[in-house]
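Listed here are the chains, written in short residue letters.
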Amino acid sequence: MKMSRKILALSVLILLSVLLTVSMAMAVVAELNLVFDVKGADKVTFNGKTHADKGLKCTECHPNPFPNKRSPAGTYTMEKMNKGENCGICHNGKKAFKTSDPANCTKCHKK
């Protein structure tokens, strides 16, 4: 009987550990900053803290519209974003700042 309780307790601890790990993985990592070289413009910086502070989860952007790997050059363009694709899905002036507003360029494009 004592062995059964130990096995049950260990199983519960393992399950809680797995659930905690998965839930942490689902939140945007605040320390994550991705920098993308852009042809003809300043680099684009994805700021993880800014997105995490908004309460965003990884699953809101991955795997769609962004796969969990680097996409080929030209996949992300301002033209596509301004049409509501890629970052423009949220950055449309309703959910987040609008990509097509020139006053917002430096929020993503940094020297």
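If you're wondering where the values come from, they're calculated on a predicted model, not measured in any experiment. (Residues numbered from 1 in each chain as written. Predicted model: local features only at pLDDT ≥ 70, side-chain atom pairs only at ≥ 80, totals over all residues. Heavy atoms only, no water.)

Take the packing of aromatic side chains next. In this structure the tally under the stated criterion is one aromatic pair. Ring geometry for F66 versus Y76: centroids 5.3 Å apart, planes at 50°, classification tilted. On the criterion of sequence distance, the pair formed by F66 in the loop between α2 (48-53) and α3 (78-82) and Y76 in the loop between α2 and α3 is long-range, its members being 10 residues apart. Taking the relative accessible area as the measure of exposure, Y76 reaches 30% and is therefore partly exposed. (Phe/Tyr/Trp six-rings, centres within 6.5 Å; stacked < 30°, edge-to-face > 60°. Helix = DSSP H or I, 4+ residues; strand = E, 2+ residues; numbered from the N terminus. Buried < 20%, exposed > 50% of the residue type's maximum accessible area, 1.4 Å probe, protein only.)

Attention shifts here to the side chain of H109. If you trace the backbone, H109 turns up in strand β3 (residues 109-110). Residue H109 is classed as buried on the basis of its relative accessible area of 19%. Those residues in contact with H109, other than ones at most four positions away along the chain, are V38, A41, D42, K43, V44 and M78. (Contact = heavy atoms within 4.5 Å.)

Attention now moves to unusual backbone geometry. Following H62, the chain continues to P63 via a peptide bond in cis, the omega torsion being 10°. With respect to the helices and strands, the residue P63 is situated in the loop between α2 and α3. Residue P65 is reached from N64 by a cis peptide bond, and omega for that bond is 10°. When you line up the elements, P65 lands in the loop between α2 and α3. At N86, a position not held by glycine, the phi torsion is positive, near 50°.

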